[in-house]
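A structural walkthrough
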Amino acid sequence: MSKIICDFCGTTDTKDNPVIAGDNACICKACVTAANEIMSGNLPIEEIDNKITPTEAKEIKIKTPAELKKILDEYVIGQDRAKKVLSVAVYNHYKRIFRHNEIDDDTELNKSNVLLIGPTGSGKTLLAQTISKYLDVPLAIADATSLTEAGYVGDDVENVVTRLVQAADGDIKKAERGIIFIDEVDKVARMSENRSITRDVSGEGVQQALLKIVEGAVVNVPPKGGRKHPGQDALQVDTTNILFICGGAFDGLEDIIKKKQGANVLGFNQDKKGKNDHDKVLSKVEADDLVKYGLIPELIGRLHMVATLNEITEDDMVHILTEPKNALIKQYIKLFQMDDVKLEFEKDALKELAKLAIIRKTGARGLRSILEDIMLDIMFDLPKYKNKTITISKEVVLKTKEPKVA
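Residues numbered from 1 in each chain as written. Predicted model: local features only at pLDDT ≥ 70, side-chain atom pairs only at ≥ 80, totals over all residues. Heavy atoms only, no water.

Some points on the packing of aromatic side chains
As a reminder of what qualifies: To pair, rings of Phe, Tyr and Trp, with the six-membered ring standing in for Trp, must have centres within 6.5 Å; the planes then decide the type, stacked if under 30 degrees apart, edge-to-face if over 60, and tilted in the middle. Helix and strand definitions follow DSSP, with helices as H or I runs of at least four residues and strands as E runs of at least two, each counted in order from the N terminus. Throughout, exposure labels follow a simple rule: accessible area from a 1.4 Å probe, protein chains only, divided by the maximum for the residue type, with under 20% read as buried, over 50% as exposed, and the rest as partly exposed.
Per the counting criterion, the structure on display carries 3 aromatic pairs. Ring geometry for Y75 versus Y134: centroids 5.9 Å apart, planes at 50 degrees, classification tilted. Pair noted here: Y75 is in helix 3 (residues 65-75) and Y134 is in helix 5 (residues 124-135), with a separation of 59 residues, a long-range link. Exposure remark for Y134: the relative accessible area of 31% places this residue in the partly exposed category. Ring centres of Y94 and F98 lie 6.4 Å apart, and the angle between their planes is 15 degrees; on these two criteria the pair is classed as stacked. Residue Y94 and its partner F98 are both found in helix 4 (residues 80-98); the two are separated by 4 residues, about one turn of the helix. With respect to class, Y94 is no different from F98; both count as buried.

Structural data, given as structure tokens:
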């Protein structure tokens, strides 16, 4: 059930500050009190904003780029360059919001939206989730493939702003300082560099629709999402201070960069390139390469900082399994501990898990499904193994042997 929102200050209904709902408007206790004080002459009209915004978003303690990267290091393995780019972008963004009055001049600071380019499962979404969690700001994640231009079947682009308001529990002020992560942005690339003369509902049209909210504008969004209708109540949200992070795999971008550099992409006598060569090529991406791929120049111009994520190696996969704070192996060990069972993994077993994930080409997110499949039968009978130790070997991962129980 959605919360009632005050039409005067944008706060949501709480026990301390209840919102009264009328036929055509809603008002909270704080606004009623402020209005009473104004009418009785106890409150000057110029002080009204201070009285009727009880849930004004508190200032975020700005962490330095080094502090932000240290937090990311605890959850995301590798991708040092991408972590640095994101940390600097977030630091500058919130410094721009909270410290813009420190220097009194006419210089206006533009926000630094980010574009993350990397293969599936390389950590794009996890980076955004971790940053928002530790800054205590709302995060909305949208898939660009589900978005369409206004008036067509699918999600309106502005619905991603509605999701952010919902993530902020209806607090408009808090939402206006949040983060929106738009994944699969490469899937809305137009098919050629030439502008289409017909409507491109899910490609260039979506990019055009994204321009306004990414740059910064006041948008009217339905409180509960869905389509806009005439006469429908709408929330006004200013996207000027919302940080946009776009991500995508951009399959085929490497070939565009190679062509620009004069390298042969097709033909005989081609040396096999390793992952390092792939990562080096992708790290040289420039704006014109993205235009050739199918992003419109206006959108690229609003995504000021570009970071490329490397393909995950076998060693990285092993580290992902064991090192981060919420590593999968740690999660399974804890699950087993709840039943007084000790769980151990041999080194060869971890390496075999990493190999399987790389073969499936699903990145780090594929590790979970592989482990769930292997551990299912063991966990089904888990209560029987109380006060015992279960050891997972390479053979268990390959399903040629049963786990050791001691």
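Overview of the sheet that holds strand 12 (residues 342-345)
Quick note on the threshold: We treat two strands as partners when DSSP finds at least two bridges between them.
Ordered in space as 12-13-14, the 3 strands form an open sheet in which the pairing is mixed. Because the sheet does not close on itself, it has two edges, and the strands there are strand 12 and strand 14 (404-405).

Concerning the packing of helix 3 against helix 5
Quick reminder of the rule: An axis is simply a line fitted to the C-alpha atoms; with a helix, the fit covers only the stretch in contact. Between two such axes, the angle follows the N-to-C directions and lies from 0 to 180 degrees. What sets the label is the angle itself: under 35 degrees gives roughly parallel, over 145 gives roughly antiparallel, 65 to 115 gives roughly perpendicular, and the rest give oblique. In this scheme the handedness of a crossing depends on how the near helix is turned from the far one: anticlockwise by less than a right angle means left-handed, clockwise means right-handed. Any two residues whose heavy atoms approach within 4.5 Å at even a single point are treated as in contact. Nonpolar residues are Ala, Val, Leu, Ile, Met, Phe, Trp, Tyr, Cys and Pro. Charged residues are Asp, Glu, Lys and Arg, and all others, Gly as well, are polar.
Relative to each other, helix 3 and helix 5 sit at 125 degrees, their axes nearing to 10 Å. The pairing of helix 3 with helix 5 is recorded here as oblique in orientation. As for how helix 3 packs across helix 5, the hand of that crossing is right-handed. Counted together, L68, I71, L72 and Y75 of helix 3 and L126, L127, T130, I131, K133, Y134 and L135 of helix 5 form the full contact between these two elements. Looking at the contact of helix 3 with helix 5, its residues break down into 9 nonpolar, 1 polar and 1 charged.

Quick look at the confidence of the model for the chain
Rules: One confidence number per residue, pLDDT, is output by the predictor and ranges from 0 to 100.
Per-residue confidence for the chain gives a mean pLDDT of 82, with 83% of residues at or over 70. Long-range and interchain partners of residues 48-57, a stretch whose pLDDT sits below 50, account for 20 contacts in this model, where long-range means more than four residues apart. Under a pLDDT of 50 for its full length, residues 194-202 has, in the predicted model, 17 contacts with residues more than four places off or in other chains.

Observations regarding unusual backbone geometry
Not every positive phi belongs to a glycine, and D340 is a case in point at roughly 55 degrees. By secondary structure assignment, the location of D340 is in the loop between helix 14 (328-337) and strand 12. Of note, K399 is a non-glycine position whose phi angle comes to about 65 degrees, a positive value. A relative accessible area of 54% places K399 in the exposed class.

A look at the packing of helix 14 against helix 16 (residues 366-380)
Running from amino to carboxyl end, helix 14 crosses helix 16 at an angle of 20 degrees, the nearest separation of the two axes being 12 Å. When the axes of helix 14 and helix 16 are compared, the pair comes out roughly parallel. Crossing angle aside, the handedness with which helix 14 passes helix 16 is right-handed. Along the contact surface, helix 14 presents L328, I329, Q331, Y332, L335 and F336, while helix 16 presents L367, R368, L371, E372, M375, I378 and M379. Considered class by class, the residues forming the contact of helix 14 with helix 16 number 10 nonpolar, 1 polar and 2 charged.

A look at the environment of I329
With respect to the element layout, I329 can be found in helix 14. Separated by 42 residues in the primary sequence, I329 and L371 have C-alpha atoms spaced 9.1 Å apart. If sequence neighbours within four positions are ignored, I329 has contacts with L321, T322, F345, L350 and L371.

As for the sheet that holds strand 3 (residues 114-117)
Strand order in the open sheet formed by 5 strands is 4-7-10-3-11, with parallel pairing between adjacent strands. Edge positions in the sheet fall to strand 4 (139-143) and strand 11 (305-308), since each of these pairs with one other strand and no more. Strand-to-strand twist of the sheet, defined as the mean angle between neighbouring strand axes without regard to direction, takes the value 20 degrees. When strand 3 meets strand 10 (residues 243-248), the two strands line up parallel, connected through 4 bridges. Bridge pairing in strand 10 places I117 opposite G248. Strands strand 4 and strand 7 (179-183) of the sheet are contacted by helix 6 (residues 159-167), whose axis makes an angle of about 150 degrees with strand 4.

Quick word on the pattern of salt bridges
Condition: Whenever a carboxyl oxygen of Asp or Glu lies within 4 Å of a side-chain nitrogen of Lys or Arg, that contact is scored as a salt bridge.
The full count for this structure, using the stated rule, is 16 salt bridges. Two residues, E74 and K325, come together in a salt bridge whose shortest N-O distance is 3.3 Å. With a gap of 251 residues between them, E74 in helix 3 and K325 in the loop between helix 13 (314-322) and helix 14 connect regions that are remote in the sequence. Its relative accessible area of 31% is what places E74 among the partly exposed residues. Among the ionic pairs, E346 bridges to K404, the shortest N-O distance being 3.2 Å. One end of the pair, E346, is in the loop between strand 12 and helix 15 (347-360); the other, K404, is in strand 14, with 58 residues separating them in the sequence. Connected through salt bridges with shared partners, the residues K69, D73, D80 and K83 form a single ionic network.

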